[in-house]
Amino acid sequence: MLYYFKTMRAMDQITFRHDTVLSDVHMLLPNAHHLMTRLNNVGQPVFVSKFKILSYGDWHDYNHPGKGIKEADEYDDQREDGEQWTTTKQGKYGETSGEGNVEPFLDEDGDLNITHRPRKNPMEGSSRDLACPMVLRQSNPVLEQEEENMDDEVDKCFKDIIRIEHTMATPLEDVGKQVWRGALLLADFILSKPTVFRGATVLELGAGTGLTSIIMSTLAKTVYCTDVGEDLLSMCKRNVTLNRHMMETSGGEVRVKHLDWLQHDLCTDADVEFSWTEEEVADMYNNTSFIIAADVCYDDDLTDGLFRTLYRLCSNFPHTCTIFITIEKRINFTLQRMDVSCEAYDHFSHCLSQLQHLVDGRCSFSVEHLPSNFSQFLLYERIEQLELWKVTATPLPFDQAQCDSELFSS
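Residues numbered from 1 in each chain as written. Predicted model: local features only at pLDDT ≥ 70, side-chain atom pairs only at ≥ 80, totals over all residues. Heavy atoms only, no water.

So, the overall build of the chain
Defined as follows: Secondary structure elements follow DSSP: runs of H or I of four or more residues count as helices, runs of E of two or more count as strands, with numbering from the N terminus. Each residue is placed in one exposure class: buried if its accessible area under a 1.4 Å probe, protein chains only, is under 20% of its type's maximum, exposed if it is over 50%, and partly exposed if it falls in between.
Counting secondary structure elements, the chain contains 12 helices and 17 strands. When each of the 410 residues of the chain is scored for burial, the buried share is 42%.

What follows is the structure, given as structure tokens:
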């Protein structure tokens with residue numbers, strides 16, 4: 001869900017405007033502690049969040065919360081000296097019942113007197129980082145490199161931890177700088193199909209913070225992680241660097257590149273940062289087996305641009321390509337209809353239908369809605385509005401292509 005805010009908060013907090021949106025991931029992430037580290041090049045606060053990849057045992061406990069709750073209750077009922085707390089029931093006027101000697105609940109003044117369990121030092125055994133004051137500054141490439149080297153040493157022991165820099169509460173045009181549930185759903189799907197993606201060349205469209213590309217790089221050989229905007233791509237590249245420990249075992253590589261859905265050609269100007277080399281363009285067209293896109297359809301013009309880009313790429317591939325797209329069906333109330341609707345989702349569905357029935361003699365597209373019952377490796381709320389779609393683009397044989405082309409032209 002996109003959250004729209006129309007209020008202003010204090011200057012020492014995030015400022016929300018009428019066009020501000022905030023991802024559910026940053027609001028509802030379990031045990032989240034977002035650390036604001038710096039200001040980016042456009043003056044937006046940058047936060048760091050950690051995402052843990054669950055093992056099978058962790059995933060089982062997460063999907064069977066009763067077991068975890070029972071274990072937590074058993075643990076909490078034990079005192080540090082090994083003795084059990086006496087369970088009592090409070091009756092009328094503070095009277096108690098139960099086994100053992102129980103002190104009264106009321107003191108001499110008639111106030112409620114509660115005996116608290118002994119507690120450890122709050123910082124001992126806690127996963128929270130100690131919060132210290134710091135002076136926010138604009139990004140500095142030299143300091144960023146020093147911090148990356150330091151962070152890399154810290155995270156070497158945590159192969160299952162992904163650290164993602166992101167912003168929060170951005171205007172609609174900057175939503176790519178946040179982490180969305182669609183990216184986590186697609187990451188789960190990737191992790192649940194290791195044999196499918198292992199050793200592949202993959203292109204991600206609208207990569208945003210790069211989380212899904214980073215997950216994919218644990219399996220794939222090469223991942224072209226693409227989006228637009230120098231500041232967004234710089235953040236994405238930094239996230240790739242922060243998580244290079246994830247790629248050490250697989251030997252995967254993430255290449256952050258500029259790809260604008262509203263432009264026909266790829267940028268190959270060597271003087272432009274995040275441009276493509278001729279070798280990379282050839283490799284992408286000749287070897288890409290999968291295209292992925294996570295929760296990128298929220299604006300009709302951009303959705304049109306996405307499907308035009310998919311068609312343009314796939315119609316020039318010499319081989320079959322499989323596309324996986326996640327989308328969250330967001331229900332909004334509109335004054336125009338005076339009712340709830342899913343306009344962005346409806347337009348996405350319309351574009352899917354058009355693509356499936358497209359006949360141009362170059363390739364054919366088949367569309368399939370996949371169930372979301374695969375294992376969950378990341379902590380988030382997998383709501384029923386999250387969907388995963390599979391599109392298969394197959395080049396037509398020359399004879400059939402020529403026949404279809406003549407039929408289409410007539």
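What about unusual backbone geometry?
Here F274, not a glycine, exhibits a phi torsion of approximately 70 degrees, which is positive. You can see F274 is positioned in the loop between β11 (253-258) and α9 (278-287). Judged by relative accessible area, F274 falls into the buried class, the value being 9%.

Here we look at the side chain of D188
Filter applied, for reference: Contacts described as polar in this section are N or O atom pairs within 3.5 Å, which, within protein, must combine one atom able to donate a hydrogen with one able to accept it, while residues neighboring in sequence count only if both atoms come from side chains. Contacts are residue-level and defined by heavy atoms, with any inter-residue pair within 4.5 Å sufficient.
Take D188: it is sitting in helix α5 (residues 181-192). A polar contact of 2.6 Å, which involves the side chain of D188, links it to the side chain of Y380. Ignoring anything within four residues of it in the chain, the contact list for D188 reads F374, S375, Q376, F377, L378, Y380 and R382.

Structural notes on α9
Test applied: Think of it as the arc spanned by the lines of direction from the helix axis to the C-beta atoms.
Buried within α9 we find E280, V281 and M284. One side of α9 holds all its buried residues, which, seen down the axis, span an arc of 105 degrees. Along α9, exposed side chains directed more than 90 degrees from the buried face belong to E278 and E279. The inward-facing, buried residues of α9 contact β9 (201-204), β10 (222-227), β11, β12 (288-294) and α10 (300-314).

Here we look at the pairing of β11
We count it as follows: Pairing between strands is defined by DSSP: at least two bridges between the two strands are required. Orienting the strands away from the viewer, one traces the path from the first strand over the helix to the second; a clockwise path indicates a right-handed crossover.
Here β10 pairs with β11 via six bridges, running parallel. The partner of T222 across the bridge, within β11, is E253. As a crossover connection, the stretch from β10 through helix α8 (residues 230-242) into β11 is right-handed.

Focus on the nonpolar core
As a reminder of what qualifies: For our purposes a nonpolar core is just a set of buried Ala, Val, Leu, Ile, Met, Phe, Trp, Tyr and Cys residues, chained together by side-chain atoms within 4.5 Å.
Judged by nonpolar contacts, the single largest core of 46 residues is most densely connected at F51 and F324. At the level of elements, β7 (161-166), α5, α7 (211-217), β10, α8, β11, β12 and β17 (386-395) are the ones that each hand at least two residues to this core. Residue contributions to this core peak at eight residues, all from α5. By size, the runner-up hydrophobic cluster in this structure holds 35 residues, among which are L203, W261, A293 and W389.

Considerations on the pattern of salt bridges
The condition is simple: Any carboxyl oxygen of Asp or Glu that lies within 4 Å of a side-chain nitrogen of Lys or Arg is treated as forming a salt bridge with it.
One pass over the full model with this rule turns up 15 salt bridges. Between E165 and R38 there is a salt bridge whose closest N-O contact spans 2.6 Å. Here R38 lies in strand β3 (residues 35-39) and E165 lies in strand β7, a separation of 127 residues in the sequence. Under the relative-accessibility criterion, R38 is labelled buried at 7%.

Overview of a nonpolar patch on the surface
Test applied: Residues enter patches when their relative accessible area tops 30% and they take part in no salt bridge; the joining distance is 9 Å for like charges and 5 Å for the nonpolar side chains Val, Leu, Ile, Met, Phe, Trp and Tyr. For accessible areas, the Shrake-Rupley method is used with a probe of radius 1.4 Å. Any residue's cover is judged against the shown protein chains and nothing else.
On the surface, I331, F333, L335, M338 and V340 cluster together to form a nonpolar patch covering roughly 560 Å² of accessible area. Inspection of the secondary structure assignment puts M338 in the loop between β14 (332-334) and β15 (339-341). Residue classification places M338 among the exposed positions, given a relative accessible area of 56%.

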